[in-house]
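Secondary and tertiary structure notes
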Amino acid sequence: MKTVVPDDHPPVFQGSKAETMLRGIGEVGIFNTRPQTNDELIERIRGAEAVISIRGAVACPREVIEACRELRVISIWGTGTDHVDLPAARELGVTVCNTPAVSAVSVAEQSLALMLAAARRLPDISAEVKDGGWPKAMISQLHGKTLGIVGLGAIGRQVARLGAGIGMDLVAWTFNPDGALADELGVKLVDLDELLRRADVVSLHVRQSPETEGMLDSAKLALMKPDAILVNTARGALIDEQALVVALNEGALGAAALDVFVEEPLPVDHPLLRTPNTVLTPHSAGLSPEALEAGLVMSVENIRHFMDGSPVNVVG
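Now for a quick tour of the structure. (Residues numbered from 1 in each chain as written. Predicted model: local features only at pLDDT ≥ 70, side-chain atom pairs only at ≥ 80, totals over all residues. Heavy atoms only, no water.)

1. Topic: the overall build of the protein
- Tallying secondary structure elements over the protein gives twelve helices and twelve strands in all.
- Expected size for 316 residues packed as a compact globule is a radius of gyration near 20 Å; at 21 Å, the protein falls within 12% of this value.
- Projecting the C-alpha coordinates of the protein onto the three principal axes gives extents of approximately 60 × 50 × 35 Å.
- A burial count over the protein gives 49% of its 316 residues as buried.
- Across the protein, the centroid of the 27 positively charged side chains sits 3 Å from that of the 41 negatively charged ones. (Helix = DSSP H or I, 4+ residues; strand = E, 2+ residues; numbered from the N terminus. Rg over C-alpha atoms; globule rule 2.2 N^0.38 Å. Buried < 20%, exposed > 50% of the residue type's maximum accessible area, 1.4 Å probe, protein only. Lys, Arg positive; Asp, Glu negative; His and termini not counted. Charge placed at Lys NZ, Arg CZ, Asp CG, Glu CD.)

2. What about the sheet that holds strand β6 (residues 146-150)?
- Spatially, β8-β7-β6-β9-β10-β11-β12 is the arrangement adopted by the seven strands of the open sheet, whose pairing is parallel. Strands at the two margins of the open sheet, each flanked by one partner only, are β8 (188-189) and β12 (278-280).
- Here β6 pairs with strand β7 (residues 169-173) via five bridges, running parallel. Within the sheet, the bridge partner assigned to L147 lies in β7 and is L170. (Pairing = 2+ DSSP bridges.)

3. Points about the environment of G144
- When you line up the elements, G144 lands in the loop between α6 (122-130) and β6.
- Between the alpha carbons of G144 and V102 there is a distance of 30 Å; along the sequence they are 42 residues apart.
- Discounting residues that sit within four places of it in the chain, G144 has contacts with G167, M168 and D169. (Contact = heavy atoms within 4.5 Å.)

4. Re unusual backbone geometry
- With an omega of -10°, the peptide bond between H9 and P10 qualifies as cis.
- With respect to the helices and strands, the residue P10 is situated in the loop between β1 (2-5) and α1 (17-23).
- Between E264 and the following residue, P265, the backbone shows a cis peptide bond with an omega angle of -5°.
- Inspection of the secondary structure assignment puts P265 in the loop between β11 (255-258) and β12.
- Of note in this structure, N277 is not a glycine but carries a positive phi near 60°.
- Positionally, N277 belongs in the loop between β11 and β12.
- Here the phi dihedral of H283 falls at roughly 50°; this positive angle occurs in a residue that is not glycine.
- Within the secondary structure, H283 sits in the loop between β12 and α12 (289-307).
- You can call H283 partly exposed: its relative accessible area is 32%.

5. Section: the pairing of strand β10 (residues 229-232)
- Burial along β10 is two-sided: I229 and V231 facing one way and L230 and N232 facing the other are all buried.
- Strand direction decides the pairing type here: strand β9 (residues 201-204) and β10, joined by four bridges, are parallel. The residue bridging V201 from the neighbouring strand is I229, located in β10.
- With four bridges connecting them, β10 and β11 associate as parallel partners. Considered in β11, the bridge of N232 is made with L258.
- Read from β10 through helix α11 (residues 241-249) to β11, the crossover connection turns out right-handed. (Right-handed = clockwise from strand over helix to strand, strands pointing away.)

6. With respect to the sheet that holds strand β2 (residues 27-30)
- Taking strand neighbours across the sheet as the criterion, the five strands line up as β2-β1-β3-β4-β5 in an open arrangement whose pairing is parallel. Either end of the sheet is taken by a strand with one partner, and the two such strands are β2 and β5 (95-97). Neighbour-to-neighbour, the strand axes of this sheet turn through a mean angle of 15°, independent of strand direction.
- Across two bridges, the pairing between β1 and strand β3 (residues 50-53) is parallel. Each bridged residue has a counterpart across the sheet, and for V4 the counterpart in β3 is V51. (Axes fitted to C-alpha atoms, helices over the stretch in contact; angles between N-to-C directions.)

7. Focus on the pattern of salt bridges
- This model, assessed by the stated rule, comprises eleven salt bridges.
- R23 is paired through a salt bridge with E19; the nearest N and O atoms lie 2.9 Å apart. Here R23 pairs with E19, and both are found in helix α1, just four residues apart, close to one helical turn.
- For R23, a relative accessible area of 45% translates into the label partly exposed.
- Classification of E19 as buried rests on a relative accessible area of 14%. (Salt bridge = Lys/Arg side-chain N within 4 Å of Asp/Glu carboxyl O.)

8. Observations concerning empty space enclosed by the protein
- Per the counting criterion, the structure on display carries two cavities of 30 Å³ or more.
- Taken as a whole, the largest cavity spans an internal volume of roughly 70 Å³.
- Considering the residues around the largest cavity, the lining is formed by P6, D7, L41, I45, V51, S53, V58, A59, C60, I74 and H83.
- Where the lining of the largest cavity is concerned, the elements lending two or more residues are α2 (38-45) and β3.
- Across the lining of the largest cavity, the residue classes tally to eight nonpolar, two polar and one charged.
- Of the pockets and cavities examined, the second largest cavity occupies roughly 30 Å³.
- What lines the second largest cavity is N232, G236, I239, E241, L244, L258 and V260.
- Split by residue class, the lining of the second largest cavity holds four nonpolar, two polar and one charged. (1 Å grid on protein atoms, 1.4 Å probe; cavity = no way out; pocket = protein on both sides within 12 Å on 5 of 7 lines; lining within 4 Å. Points joined across faces, edges and corners; volume = space filled by probe spheres on them. Nonpolar A, V, L, I, M, F, W, Y, C, P; charged D, E, K, R; others polar.)

Okay, structure coming up:
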């Protein structure tokens, strides 16, 4: 089986344990520049039976899948599948797998770090000290506050554990409520509107899908407390960014701590870059060495299981 990694930019697959594993099961092609067009992506993939997709920024639409007739399996590094046309893959007989939970700890730690950074105004205070100031800024203590978790998958569950560890009260909304799991985590399950009204910190942990795109629009943001913190390490499209900018500029929301955005990298003229009370990181929550290596290895294991006739981690 020939496997292609069409989007290893910047390189993380090359030189990894995962590359050695992959070369042990067949022919491998790795490209360390980002394809700029669908035609370029098709040219890289054509002739391969398997693809390992490293970058969510490189879309795999119907046009690409249809043009690559030998393609049988796409293994995604990460949990997000919004960059792959899943209906087209199903229709054309292409199996799509991902690497669930491998970055859960890393992303959850980033979520906690973002909420703490926003609550304690760490970026602004650090910048003032570096400029020679000595600000005595008031900060927010999270112990005793309410953390609202939207989505109780692997990451959301880990965020719940970390939140409980610093003494926060927990409420959650999820697509598939599980009372036993909620009891185990010490979480009270509520509907989304109640969560937004009650939480001092709201942290998003659901996949991007037609159901979740724009789920926090102006009406939902208006339900939140005026001093609440919104944290997003899931997907940028979950939030109406224009409505978020308005809420922050008007003081209707306390702060936003974001690792993901609708357009990435952020354009230099994006209003979030000039909006007060924001902490912004470059979609890096899952990029710890531990999570990276585990995910790359699992992406190769997905290919091997597919070759053996027993596919795992199938999505769609």
